[in-house]
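Each chain is listed here by its residues.
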Amino acid sequence: MMSFDTACAVPGQKPPSAAALDIQTVANGTSHNTESHSATAAGQAGTHTHIWLVTGPAGCGKSSVAEYLANALDMPYIEGDSFHSAANIEKMSNGIPLTDSDRWDWLTSLRDESMRLINEGQTGVVLTCSALKRKYRDVIRVAAYYDHHLLIHFIYLDASEELLLQRVAQRQGHYMGANMVHSQFEVLERPTKNETDVITVDVSRTLGEVKEDALARVIETMGRADNDSQ
Ligand SMILES: Nc1ncnc2c1ncn2[C@@H]1O[C@H](COP(=O)(O)OP(=O)(O)OP(=O)(O)O)[C@@H](O)[C@H]1O
Ligand SMILES: O=C(O)[C@H](O)[C@@H](O)[C@H](O)[C@H](O)CO
């Protein structure tokens, strides 16, 4: 039986370093106090491999949260935007929303890159991908059809359109302007309850609080997955 007690960080303080996250594991009825275990250990120790997609509309914090998680879990970070075609970047830079046909090759390239890294021996990857629609998320879910050890997880960063408008407007030097935020919400299909592989994180809090919450839930999810497979 494996259970996790992670250190409860105090919101607003520096997020606990990976080493500081003390994970108490109980395996097979014997308690092992694993002081040195860390988020990194949680990311590396399981019997599964994982694709962690940090998703949501423009400006919700995908890159900020994904980089933090990848570092804490010692997993490669795949910035989804770097896989967009030049044509897609040009469209968004000119305030033109992408269409389904613009996104298919992009989504499959993200799935292929994630699987490539896992097939090379990574225990998981952390990937940013807006994945605004259910069918986009399903494109990535296909990866698990090829490998029953692979688990696909979505971390949906939930915010209002008004909040993201503010954040994108304050951001400098990014091709996705505030004028595009509304178009993201027009097509957004928030994950539904039957998408049981989705963790929804309220990002109306500070970035530090969001990162801590996301990491704690990621660690809990990986522990539960390994417990279920024992
Ligand atoms: N919880 C938060 N509180 C305050 N500011 C935040 C928070 N999360 C992200 N930000 C800020 O909002 C902006 C967008 O963050 P980030 O680039 O990580 O989002 P994104 O989803 O990757 O955006 P895009 O999809 O447009 O690339 C950045 O300036 C970031 O510092
Ligand atoms: O699906 C899309 O419309 C795009 O992926 C956008 O979401 C941007 O990539 C990102 O949000 C801004 O960088």
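A brief structural summary. Note that the structure is predicted; figures quoted are calculated from it, not measured. (Residues numbered from 1 in each chain as written. Chains lettered and ligands numbered in written order. Predicted model: local features only at pLDDT ≥ 70, side-chain atom pairs only at ≥ 80, totals over all residues. Heavy atoms only, no water.)

**A closer look at the nonpolar core**
For soluble globular proteins, nonpolar side chains are generally found buried alongside one another.
Inference 1: Core analysis: the biggest nonpolar cluster contains 54 residues, and I51 and L69 have the highest contact counts within it.
Inference 2: A per-element tally of this core places helix α2 (residues 62–73) first, with seven residues.
Inference 3: Apart from residues no more than four positions distant in its own chain, I51 is found in contact with S114, I118, V125, L127, A143, L150, L151, I152 and H153. (Core = buried A, V, L, I, M, F, W, Y, C linked by side-chain atoms within 4.5 Å. Buried < 20%, exposed > 50% of the residue type's maximum accessible area, 1.4 Å probe, protein only. Helix = DSSP H or I, 4+ residues; strand = E, 2+ residues; numbered from the N terminus. Contact = heavy atoms within 4.5 Å.)

**Thoughts on the site of ligand 1**
Inference 1: The immediate surroundings of ligand 1 are formed by 17 residues, with K62, S63, S64, R171 and R205 found nearest.
Inference 2: Within the backbone of G61, a nitrogen or oxygen atom sits 3.0 Å from an oxygen atom of ligand 1.
Inference 3: R171 is positioned such that a nitrogen or oxygen atom in its side chain is 2.9 Å from an oxygen atom of ligand 1.
Inference 4: For ligand 1, whose free accessible area comes to 630 Å², the fraction covered by protein is 78%.
Inference 5: A molecule is said to occupy a pocket when more than half its atoms come within 2 Å of that pocket's grid points, and by this definition ligand 1 occupies the largest pocket.
Inference 6: Sorting the residues of the shell around ligand 1 by element identifies α2 and α8 (207–228) as the ones contributing at least two each.
Inference 7: The biggest single contributor to the shell around ligand 1 is α2, with three residues.
Inference 8: Residues that form the shell around ligand 1 fall into these classes: six nonpolar, six polar and five charged. (Near = heavy atom within 4 Å. Polar contact = N/O pair within 3.5 Å; in protein donor to acceptor, adjacent residues only side chain to side chain. Areas by Shrake-Rupley, 256 points an atom, 1.4 Å probe, with all protein chains shown as cover. 1 Å grid on protein atoms, 1.4 Å probe; cavity = no way out; pocket = protein on both sides within 12 Å on 5 of 7 lines; lining within 4 Å. Sits in = over half its atoms within 2 Å of the grid points. Nonpolar A, V, L, I, M, F, W, Y, C, P; charged D, E, K, R; others polar.)

**Details of the side chain of Q184**
Inference 1: Its location among the elements puts Q184 in helix α7 (residues 181–187).
Inference 2: Those residues in contact with Q184, other than ones at most four positions away along the chain, are P57, A58, R103, S130, L132 and M176.

**Looking at the environment of L207**
Inference 1: One can find L207 in helix α8.
Inference 2: For L207, a relative accessible area of 41% translates into the label partly exposed.
Inference 3: Linking L207 and M92, residues 115 residues apart in sequence, is a C-alpha distance of 25 Å.
Inference 4: Not counting the four nearest positions on each side in its chain, L207 is found in contact with S64 and V65.

**Topic: the site of ligand 2**
Inference 1: For ligand 2, the set of nearby residues contains 13 residues, the closest of which are D81, H84, R103, S130 and Q184.
Inference 2: H84 is positioned with one of its side-chain polar atoms (N or O) 3.1 Å from an oxygen atom of ligand 2.
Inference 3: Here ligand 2 loses 97% of its free accessible area of 330 Å² to cover by the protein chains.
Inference 4: Comparing atom positions with the cavity grids shows ligand 2 to sit within the largest pocket.
Inference 5: Residues of the shell around ligand 2, tallied by class, amount to six nonpolar, four polar and three charged.

**Looking at the pairing of strand β6 (residues 150–158)**
Inference 1: Within β6, seven of the nine residues are buried, which leaves the element mostly enclosed by the surrounding structure.
Inference 2: Relative to β6, strand β3 (residues 49–55) is paired through seven bridges, and the arrangement is parallel. Looking at β6, one finds that T55 is bridged to Y156.
Inference 3: Summarising the sheet, β6 and strand β7 (residues 198–202) pair through five bridges and their orientation is parallel. Bridge pairing links Y156 to T200 in β7. (Pairing = 2+ DSSP bridges.)

Fair warning: the whole summary comes from geometry, so function is off the table for now.
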